[in-house]
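Summary of the model geometry
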Protein chains: 4
Amino acid sequence: MKQQQKPKYKQIIDAAVIVMAENGYHHAQVSKIAKQAGVADGTIYLYFKNKEDILISLFQEKMGLFVEKIRQEIAGKSTSKEKLLTLIQKHFSMLAADHHLAIVTQLELRQSNKELRLKINEVLKGYLMVVDEVLTVGKETGEFRDDLDVRLARQMVFGTIDETITTWVMNDQKYDLTAIAPRVHDLLIKGFGATP
Amino acid sequence: MKQQQKPKYKQIIDAAVIVMAENGYHHAQVSKIAKQAGVADGTIYLYFKNKEDILISLFQEKMGLFVEKIRQEIAGKSTSKEKLLTLIQKHFSMLAADHHLAIVTQLELRQSNKELRLKINEVLKGYLMVVDEVLTVGKETGEFRDDLDVRLARQMVFGTIDETITTWVMNDQKYDLTAIAPRVHDLLIKGFGATP
Amino acid sequence: MKQQQKPKYKQIIDAAVIVMAENGYHHAQVSKIAKQAGVADGTIYLYFKNKEDILISLFQEKMGLFVEKIRQEIAGKSTSKEKLLTLIQKHFSMLAADHHLAIVTQLELRQSNKELRLKINEVLKGYLMVVDEVLTVGKETGEFRDDLDVRLARQMVFGTIDETITTWVMNDQKYDLTAIAPRVHDLLIKGFGATP
Amino acid sequence: MKQQQKPKYKQIIDAAVIVMAENGYHHAQVSKIAKQAGVADGTIYLYFKNKEDILISLFQEKMGLFVEKIRQEIAGKSTSKEKLLTLIQKHFSMLAADHHLAIVTQLELRQSNKELRLKINEVLKGYLMVVDEVLTVGKETGEFRDDLDVRLARQMVFGTIDETITTWVMNDQKYDLTAIAPRVHDLLIKGFGATP
DNA sequence: TATGAATGAGCCTTCATTCAT
DNA sequence: AATGAATGAAGGCTCATTCAT
């Protein structure tokens, strides 16, 4: 189980994802995470303040990569429609590529207490800001409706994506999530006042 | 605290809603619920198999009322668009009218473990079926697009409604949720291929 | 190990004395105390707030009896000299009669942290007040020196008694502690200005 | 924090006194002592067998100085009464001059476990022997009572001194401890059969 | 039906000590 | 001699559930 090459910080976070996906949030004991990471229990506390800190860091680390990757991909697209499609595709494909992470973000981390969830929401804001930017630019360029309520639209984008992924995870990831992206995009876009 | 007139079953469920809203999922001990309901701890187990059973029953009871009320209201509307608007309005207004219940459904019950959430999803299916019916009829009558993916559209409806309410609850229910319903409806409808 | 007749509160305190005397302060786990008392671990927490509360209660309970018994015995004596002798004798005899308690008060409880020791000192004040009263009355009746510094004298009384008992406990209670009382009394009294 | 000139052995002991006085026995971790001493954790173990060894060495080192200083001072006095007064004065003044050490000897080191305290008592014997010598000589020269029980008297001397200092430390060293020495001496002496 | 005292399994975190460098 | 990252054992407390009354 030893993964000597990775720095211990990432090693522990990756272990936490696996343990939580396989055992569930409430059975993800620190000792299990340590064993999975190939370190002693005490070593965890050289890198994290406490158990909660592991989970927040996990979310920050992964969601940070998410936002970064999505920003990169989006930058290469010219229209807002394309940017939104890319965002959905990337979001879907990254979770489809990491089954464990999908379970953790869609099911397990939601079981955390209100305090932890508030901190997770802080991290989420970075993602929501990307959505807001795409929508705002789309309004300015005339791709999206002039009277589009950006906040509501963002809730629709995020709510739809989230619900779609959760449904997919709950169905044991049986179908191809990435393939659905264009249809989700289509549904959203047409609501945004685009002409077909 | 005694509520002698109500049968103990409902008495306990109502107590659970209050205790969970005020203390959070993880601090909603059976003993607290019992005290709030004005019965002894042991009495709970004469009406419910275990703690999980209280929560599922709570959800069933409340969501059952939800679906019933929504079905009634919808029945009086002629077009699918109106039905959908009514569904959203009713959903919003019922939660806006019961702050405790809103907190419980949007925040607290999500902290339950995977198994409980799967059971809750079973209960939710009744609600989703109503949405499906509205969408399907809308397709048949030509109000909605011919090529509408009902399952995806339903996820969009539910995901958007859910995200909107959760955002509202997390913002301490500061603004008028019911007032937003028409705009949410508008966003959704236009995505469904309706002509303005 | 069951002692059904005693109320559980006293049952647990007595168990704590035994466990602490036999295992030492730092090895007096709650689970050991529970087993000794013949109750479940959780039952402890129906009668005490936490582990510290057991120890404070133990000290209050025992020291309360101490002060009460000593007050009773002293009341029957006419002179302050006799009262002081009685106090020493009773203190010695009560600890000589309960080896476990002697170990706990002289050795184990001193290992508690500063916070707990401050609370224990609060309880001790009741005992010190009895000493003060005896000394003050003795001054007024002329049995003790007019210029006696009551606070210093009280420290001498308590310090001497305490050191004597601790030495005796550390020597495994090999000799007859009670037999020493008159000589300790003699040493103290003559220092208080008594004429031989 | 580096104290390059002092040999590391003393450097660590002095650090232990400061850390223990400022943080308390139970928060005086080896790592804190190492940081205060300006050395690495592991270095401690090049000079001391284990943590207990630091504390015993601390006590030996400091108490050794104590006994030595007191012996020196006493040697210059002719009568046993003067010797006893000097002993008390020196004991008081040395602790009054080192607040940290006073806290450590009177409060913190008492929290150590029974084994450590037994070893500390071994060290204390050197001090008690000095007291015994003073008392024995005093008996021989006729300054103290013929029938004085030296062991009891020693317990009274030590118990009174100890209790007096502890009370002073617990009162945050508010008053002048050294000034009390003559009155403590007076109380003790008169109890030893001296004629005023 | 109703009670509520009693049960006991389960886990995060600290810190003295080691050892490869 | 010196370092400091890594180790891993150990225990107080909560709370869902039971059962004698």
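Just so you know, these numbers come straight off a predicted model, no measurement behind them.

**Here's the deal with the protein's contact with DNA strand E**
Taken together, 27 residues form the shell around DNA strand E, and within it A:Gln29, B:Thr43, B:Tyr47, C:Thr43 and C:Tyr47 come nearest. Near the protein, within 4 Å, the atoms of DNA strand E are sugar or phosphate in 70% of cases. One nitrogen or oxygen atom from the side chain of A:Lys51 is found 2.9 Å from a phosphate oxygen belonging to DNA strand E. Residue C:Tyr47 places a side-chain N or O atom 2.6 Å away from a phosphate oxygen belonging to DNA strand E.

**Side note on the side chain of C:Gln155**
The residue C:Gln155 is located in helix H8 (residues 150-170) in this model. Excluding its chain neighbours within four sequence positions, the residues that come into contact with C:Gln155 are C:Thr160, D:Glu163, D:Thr164 and D:Thr167.

**Section: the interface of chain C and chain D**
Taken together, the contact pairs 38 residues of chain C with 36 residues of chain D. In total, chain C and chain D occlude about 3100 Å² of area from one another, counting both sides; carbon and sulfur atoms represent 57% of this. The largest share of the area that chain C buries against chain D comes from C:Leu152, C:Gln155 and C:Leu187, three residues that together contribute 20% of it. Between C:Arg145 and D:Asp186 there is a salt bridge, and its shortest N-O distance comes to 3.2 Å. Here chain C is connected to chain D by nine residue pairs in polar contact (both at pLDDT 80 or more).

**Here we look at the arrangement of the chains**
Note that chain A does not reach chain C: the shortest distance linking a C-alpha of one to a C-alpha of the other is 22 Å. Taking C-alpha atoms only, the smallest gap left between chain B and chain C, which are not in contact, amounts to 14 Å.

**Some details on the pattern of salt bridges**
For the coordinates displayed, the defined rule picks out 48 salt bridges over all chains. Between B:Glu73 and B:Lys90 there is a salt bridge; the shortest N-O distance is 3.7 Å. Of this pair, B:Glu73 sits in helix H4 (residues 51-75) while B:Lys90 sits in helix H5 (residues 80-97); the two residues are 17 residues apart in sequence, bridging distant segments of the chain. Here C:Asp132 makes a salt bridge to C:Arg154, at a shortest N to O gap of 2.8 Å. With C:Asp132 in helix H7 (residues 114-141) and C:Arg154 in helix H8, this pair connects stretches of sequence that are 22 residues apart. Judged by its relative accessible area of 17%, C:Arg154 is buried. Overlapping salt bridges bring together A:Arg145, A:Asp147, B:Asp186 and B:Lys190 as one network.

**Examining the environment of C:Ile88**
Residue and element names in this part refer to chain C. Of note, Ile88 is situated in helix H5 (residues 80-97). Residues Ile88 and Tyr127 lie 39 residues apart in sequence; the distance between their C-alpha atoms is 12 Å. In contact with Ile88, other than residues within four places in its own chain, are Ile161, Ala181, Val184, His185 and Leu188.

**A word on the UniProt feature "DNA-binding region" (unreviewed entry) in chain A**
Here the UniProt feature "DNA-binding region" (unreviewed entry) sits at residues 29-48 of chain A. Strand forms 0% of residues 29-48 of chain A and helix 75%; the C-alpha atoms that close the span are 14 Å apart.

**Things to note about the protein's contact with DNA strand F**
Near DNA strand F, the surroundings consist of 27 residues, among which A:Thr43, A:Tyr47, C:Val30, D:Thr43 and D:Tyr47 are the closest. A breakdown of the atoms of DNA strand F within 4 Å of the protein gives sugar and phosphate a share of 69%. Within the backbone of A:Gly42, an N or O atom sits 3.1 Å from a base nitrogen of DNA strand F. At 3.0 Å, a side-chain N or O of D:Lys8 approaches a phosphate oxygen of DNA strand F. Listing elements by their share of the surface near DNA strand F, those giving two or more residues are helix H3 (41-47) of chain A, helix H3 (41-47) of chain C together with helix H3 (41-47) of chain D. Ranked by residue count, the leading element in the surface near DNA strand F is H3(D), at five residues. Considered class by class, the residues forming the surface near DNA strand F number 12 nonpolar, nine polar and six charged.

**Digging into the relation of the copies chain C and chain D**
It takes a turn of 179° to lay chain C on chain D, together with a shift of 0.2 Å along the axis; the resulting RMSD is 0.2 Å. Taken together, these values place the two copies in the relation of a two-fold axis. Of the interface residues in chain C, 92% have counterparts in chain D that sit at the interface too, so the contact is made through matching surfaces.

**Quick notes on the domain arrangement of chain A**
All names here are of chain A. Domain annotation of chain A identifies domain 1 (1-48) and domain 2 (55-191). The centre of domain 1, based on its C-alpha atoms, is set 27 Å off from the matching centre of domain 2. At the interface, 14 residues of domain 1 touch 15 residues of domain 2. Contact between domain 1 and domain 2 buries roughly 1200 Å² in total, counting both sides, with carbon and sulfur atoms accounting for 69%. Of all residues in domain 1, the largest losses of buried area upon contact with domain 2 belong to Val17, Met20 and Tyr25, amounting jointly to 45% of the total for that side. Our count for the domain 1 to domain 2 interface comes out at two salt bridges. The closest approach of N and O atoms between Asp14 and Lys62, which form a salt bridge, is 3.2 Å. Across the domain 1-domain 2 interface, the total number found is two residue pairs in polar contact (both at pLDDT 80 or more). Among the residues forming the side of domain 1 that touches domain 2, the class breakdown is nine nonpolar, two polar and three charged.

Thresholds applied
Residues numbered from 1 in each chain as written. Chains lettered and ligands numbered in written order. Predicted model: local features only at pLDDT ≥ 70, side-chain atom pairs only at ≥ 80, totals over all residues. Heavy atoms only, no water. Near = heavy atom within 4 Å. Polar contact = N/O pair within 3.5 Å; in protein donor to acceptor, adjacent residues only side chain to side chain. Helix = DSSP H or I, 4+ residues; strand = E, 2+ residues; numbered from the N terminus. Contact = heavy atoms within 4.5 Å. Buried area = accessible area lost by both parts, 1.4 Å probe. Salt bridge = Lys/Arg side-chain N within 4 Å of Asp/Glu carboxyl O. Buried < 20%, exposed > 50% of the residue type's maximum accessible area, 1.4 Å probe, protein only. UniProt positions renumbered as here; feature names shortened; annotations may be inferred. Nonpolar A, V, L, I, M, F, W, Y, C, P; charged D, E, K, R; others polar. Least-squares fit on C-alpha atoms with pLDDT ≥ 70 in both. Domains from an automatic or database assignment.

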